[in-house]
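Here is how the chains run, residue by residue.
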Amino acid sequence: MTDLPVFTEFGFTDSEWGLLVGLPQSVLTAASAAEHDGTRRTLAENAAGLEAISEGRESPSKLVSAVAAELVTRVGDPESGAELPAIEPSDPAGYATDVLGRARAAAELLTAKASEGDTGAYKHWLVTIAEQVVTAAPSGGILGIGGDVVTDTERAFRDRLATVLND
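Since we're looking at a predicted model, the values are computed, not measured.

**Q** What am I meant to see in helix α4 (residues 62–75) here?
**A** In an α-helix, one full turn covers 3.6 residues, which means residues spaced three or four apart are oriented alike. The terminal C-alpha atoms of α4, which comprises 14 residues, lie 20 Å apart, in line with the 20 Å expected from a rise of 1.5 Å per residue. Turning to α4, its buried residues are L63, V64, S65, A66, V67, A68, L71 and V72. Positive backbone phi, approximately 115°, marks G76, located one or two places after α4.

Below, the structure written as structure tokens:
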């Protein structure tokens, strides 16, 4: 007897599950890339995003906790010192547009196949990830002093994500 993949418990196909599991890290990357901050700040944003993803394992939503657990297994657990590499898309605006399109597709998928509670929890979790990333390190300033906590481009990505997800 073989164990069925976890996504079958929720009624998703492998490709649908791939969308749901991949999207949180894509949101992290898009939120971080919204403003070119330099390597140190990008690493701080990645750490905050990975922590937000990891915290999803504690969600009362079985869906969010399952997605977070699988994603942390794939990318590493911040509690064990795992860090994400600084990923900087060559076209941050295009990447953000792609992520927002995938977020819309995920929202439609969840509305069709998941409970209202799991759908709302997943969407809110994605916005929380973006929020923690964009507030992790101030942008601008000199030698790390001053600058904006959240820039207009970071705020715009976070707000567009919340709008797409209706959260």
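Picking up where we left off.
**Q** Would you mind going over the packing of helix α3 (residues 39–55) against helix α6 (residues 116–134) with me for this structure?
**A** In a packed pair of helices, the relevant descriptors are the angle between the two axes and the axis-to-axis distance. For the pair α3 and α6, interaxial distance at closest approach is 8 Å and the crossing angle is 155°. Between α3 and α6, the crossing angle belongs to the class labelled roughly antiparallel. Relative to α6, the crossing made by α3 is right-handed. Residues E45, A48, G49, A52, I53 and E55 of α3 form the contact with α6, whose own contacting residues are W125, I129, Q132 and V133. The residue makeup of the contact of α3 with α6, split by class, is six nonpolar, two polar and two charged.

Criteria and cut-off values
- Residues numbered from 1 in each chain as written.
- Predicted model: local features only at pLDDT ≥ 70, side-chain atom pairs only at ≥ 80, totals over all residues.
- Heavy atoms only, no water.
- Helix = DSSP H or I, 4+ residues; strand = E, 2+ residues; numbered from the N terminus.
- Expected span 1.5 Å × (residues − 1).
- Buried < 20%, exposed > 50% of the residue type's maximum accessible area, 1.4 Å probe, protein only.
- Axes fitted to C-alpha atoms, helices over the stretch in contact; angles between N-to-C directions.
- Parallel < 35°, antiparallel > 145°, perpendicular 65-115°, else oblique.
- Left-handed = near helix turned anticlockwise from the far one by under 90°.
- Contact = heavy atoms within 4.5 Å.
- Nonpolar A, V, L, I, M, F, W, Y, C, P; charged D, E, K, R; others polar.

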